[in-house]
Amino acid sequence: MDRAIGDFLQERQAPSPGRKAIAVDGKTLRGSRTTEQPATALIAAMTHNGQVLAQRQIDGKSNEIPAFAPLLDGLDLTGAVITADALHTQHDHASYLHERGAHYLAVVKKNHPGQHQKVRRLPWRDVRLDHYERARAHHREEIRRLKTATFAHLDYPHARHALQVVHRRRDLGSGKLTIERIYLVTSLPPGTATGSELAAWIRGHWLIENQLHHVRDRTFREDASKIRTWHLPRVMAS
């Protein structure tokens, strides 16, 4: 059923300007956890426009990483940008996407200490600003700044750019200021994406939390599922 619904949604996709962006993320059904078995987990691929193209159950003795390529095998990835969290910043994933004709935006965190240090220590203060946005909502003010640097010496397959995102958030009530720095690498060649496009794809990835995971939990009450069988009935929030 997952494959049938995914194929149906792919056929329904209306042509859209620009590159297709696809977010990959996993979700755990918390109610399915028992004292003897871990909770059932799913991994899904969703366009940044909100269409779920594929979904797969993760092997109970494994994690999301081995399920990444099988999830995307049935999708047309030519020219697409794939976004995922730092768990999927894997050399094998980058090589797989390159072979499929796709590009990636990969988050680099301290779980890859060597890569993280190389990217973090770039002379970001000397790099020009590529994108700036300021917004006020939910009783807070947010500023996002994006810089990109061509980087040919990163030990990551087909990486062409390093990115730094600085996110400043100020609570308008308490005045508390938080600053977060995020580092990424991408296989997109120079000149193929603007700073605004890169910023939109980075932020767009997290729509999978609001438009898919949140809907399944709050509307379909999926987290309350206690089913443990291998043929777990699943609902795709299309």
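Things to note about the confidence of the model for the chain
Thought 1: On average, the chain scores 84 in pLDDT, and the residues at 70 or more come to 80%.
Thought 2: Mean pLDDT across the elements of the chain bottoms out in helix H6 (residues 207-218) (65) and peaks in helix H3 (residues 91-99) (97).

Description of the nonpolar core
Thought 1: Core analysis: the largest hydrophobic core is formed by 36 residues, its most contacted members being Val24, Leu72, Leu77, Ile82, Leu97 and Val185.
Thought 2: Elements with a minimum of two residues in this core: strand E1 (21-28), strand E2 (41-47), strand E3 (52-57), helix H2 (64-72), strand E4 (81-84), H3, strand E5 (103-108) and strand E9 (177-186).
Thought 3: A total of 4 residues in this core trace back to one element, the largest contributor, which is H2.
Thought 4: Other than its neighbours up to four places away in sequence, Leu77 contacts Ile22, Leu72, Ile82, Tyr96, Leu97, Arg100, Gly101 and Ala102.
Thought 5: Counting 14 residues, the second-largest nonpolar core is a separate cluster that includes Ala86, Leu146, Leu188 and Ile202.

Points about the packing of aromatic side chains
Thought 1: On inspection of all chains with the given rule, the structure shows 3 aromatic pairs.
Thought 2: Between Phe68 and Tyr96, the aromatic rings sit 6.5 Å apart at their centres with planes inclined by 75°, giving edge-to-face as the arrangement. Taken together, the residues Phe68 in helix H2 and Tyr96 in helix H3 connect sequence positions 28 residues apart.
Thought 3: Accessibility expressed as a relative area gives 12% for Tyr96, which makes it buried.
Thought 4: Here the aromatic rings of Tyr104 and Tyr156 are separated by 5.5 Å at their centres, their planes lie at 85°, and the arrangement is edge-to-face. Remark: Tyr156 occurs in the loop between strand E7 (140-150) and strand E8 (161-171) and Tyr104 occurs in strand E5; sequence separation between them is 52 residues.
Thought 5: On the accessibility criterion, Tyr104 (4% relative accessible area) is buried.
Thought 6: By relative accessible area, which is 5% here, Tyr156 ends up buried.

Describing the sheet that holds E7
Thought 1: Taken together, 9 strands build an open sheet; the order of strands is E3-E2-E1-E4-E5-E9-E8-E7-E6 and the sheet is mixed. Bordering the open sheet on either side are E3 and strand E6 (131-137), each of which pairs with just one other strand. Going across the sheet, the axis of each strand differs from the next one's by a mean of 20°, ignoring polarity.
Thought 2: Strand direction decides the pairing type here: E5 and E9, joined by 4 bridges, are antiparallel. Bridge pairing in E9 links Leu105 to Thr186.
Thought 3: Seen against the sheet, helix H4 (residues 113-120) touches E5, E8 and E9 and runs at an angle of roughly 105° to E9.

Examining the packing of H2 against H3
Thought 1: Axis separation between H2 and H3 bottoms out at 10 Å; the angle between their running directions is 10°. When the axes of H2 and H3 are compared, the pair comes out roughly parallel. From H2, Ile65, Phe68, Ala69 and Leu72 reach across to H3, where they touch His93, Tyr96 and Leu97.
Thought 2: Residues that form the contact of H2 with H3 fall into these classes: 6 nonpolar, 1 polar and no charged.

Observations concerning the pairing of E5
Thought 1: When you tally the buried positions in E5, you get 6 out of 6 residues, the bulk of the element.
Thought 2: Residue alternation in E5 divides its side chains into two sets, His103, Leu105 and Val107 and Tyr104, Ala106 and Val108, and both sets are buried.
Thought 3: Pairing of E4 with E5, which is carried by 4 bridges, proceeds in the parallel orientation. From the neighbouring strand, Ala84 faces E5, where its bridge partner is Ala106.
Thought 4: Regarding topology, H3 serves as the crossover connection from E4 to the parallel E5, and that connection is right-handed.

What counts and how
- Residues numbered from 1 in each chain as written.
- Predicted model: local features only at pLDDT ≥ 70, side-chain atom pairs only at ≥ 80, totals over all residues.
- Heavy atoms only, no water.
- pLDDT = per-residue confidence, 0-100.
- Helix = DSSP H or I, 4+ residues; strand = E, 2+ residues; numbered from the N terminus.
- Core = buried A, V, L, I, M, F, W, Y, C linked by side-chain atoms within 4.5 Å.
- Buried < 20%, exposed > 50% of the residue type's maximum accessible area, 1.4 Å probe, protein only.
- Contact = heavy atoms within 4.5 Å.
- Phe/Tyr/Trp six-rings, centres within 6.5 Å; stacked < 30°, edge-to-face > 60°.
- Pairing = 2+ DSSP bridges.
- Axes fitted to C-alpha atoms, helices over the stretch in contact; angles between N-to-C directions.
- Parallel < 35°, antiparallel > 145°, perpendicular 65-115°, else oblique.
- Nonpolar A, V, L, I, M, F, W, Y, C, P; charged D, E, K, R; others polar.
- Right-handed = clockwise from strand over helix to strand, strands pointing away.

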